[in-house]
Amino acid sequence: MQMLPLRTATSTTGGARMDKDQGKREMEEQLEMVTKAFVDHYYNLFDTNRAALACLYDQTSMLSFEGQKILGADEIGRKLSQLPFEQCNHSISTVDCQPSPFVGGILVFVTGNLQLAGEEHQLRFSQIFQLIPTQQASFFVQNDIFRLNYC
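Residues numbered from 1 in each chain as written. Predicted model: local features only at pLDDT ≥ 70, side-chain atom pairs only at ≥ 80, totals over all residues. Heavy atoms only, no water.

If you look the chain up in an unreviewed UniProt entry, it shows as NTF2 domain-containing protein from Musa balbisiana. Of the comments in the UniProt record for the chain, the one headed Subcellular location (unreviewed entry) reads "Cytoplasm". (UniProt positions renumbered as here; feature names shortened; annotations may be inferred.)

Written out as structure tokens, the structure reads:
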């Protein structure tokens, strides 16, 4: 997955408040741009080619899916590929992001609905990702927590 690298803002020694605010705004814009690109890519793959999702994870990645913990890209890919439905369509409601404690990392929180083929009602879901930068100017999913939201 090729995405834009997240640059960190640098402050000038002159202490110009406007430059610092500009740098902060640029960093926030880039954070949101990377997050949007990731969310679009992830859910497009999930809905069209679930088996390809494994390449977004690493061997140290962990998925918590409805309370079941799965470790490693291969096992996560297997779990997602073997979900008991063939077709799914995600509709994203909200996306929030923050810089994560890991340098250059991003925390992503997604809410939305998913429609399973043949089902009348949509299911609400929440999902959290921790994205970690790679040396190839991309990101991988270190942590992924998925829950259906029942009302």
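With that settled, consider helix H2 (residues 73-81). Regarding H2, the residues found buried are Ala73, Ile76, Gly77 and Leu80. The buried residues of H2 occupy an angular sector of 100° when projected down its axis, which confines them to one face. (Buried < 20%, exposed > 50% of the residue type's maximum accessible area, 1.4 Å probe, protein only. Helix = DSSP H or I, 4+ residues; strand = E, 2+ residues; numbered from the N terminus. Arc of directions from axis to C-beta.)

Time to look at the side chain of His90. Summarising the element assignment, His90 is placed in strand E3 (residues 88-99). Classification of His90 as buried rests on a relative accessible area of 10%. If we skip the residues at most four places from it in the chain, His90 touches Tyr43, Phe46, Asp47, Asn113, Leu114 and Phe125. (Contact = heavy atoms within 4.5 Å.)

Okay, the environment of Phe38 next. With respect to the secondary-structure elements, Phe38 resides in helix H1 (residues 17-48). For the pair Phe38 and Leu131, spaced 93 residues apart in sequence, the C-alpha separation works out to 9.1 Å.

Below, the discussion takes up the nonpolar core. Here is a general trend for soluble globular proteins: nonpolar side chains tend to be buried in one another's company. One finds Phe38, Tyr42, Leu56, Tyr57, Leu80, Phe129 and Leu131 to be the most contacted residues of the largest nonpolar core, which totals 31 residues. In terms of residue count, the dominant contributor to this core is H1 (8 residues). (Core = buried A, V, L, I, M, F, W, Y, C linked by side-chain atoms within 4.5 Å.)

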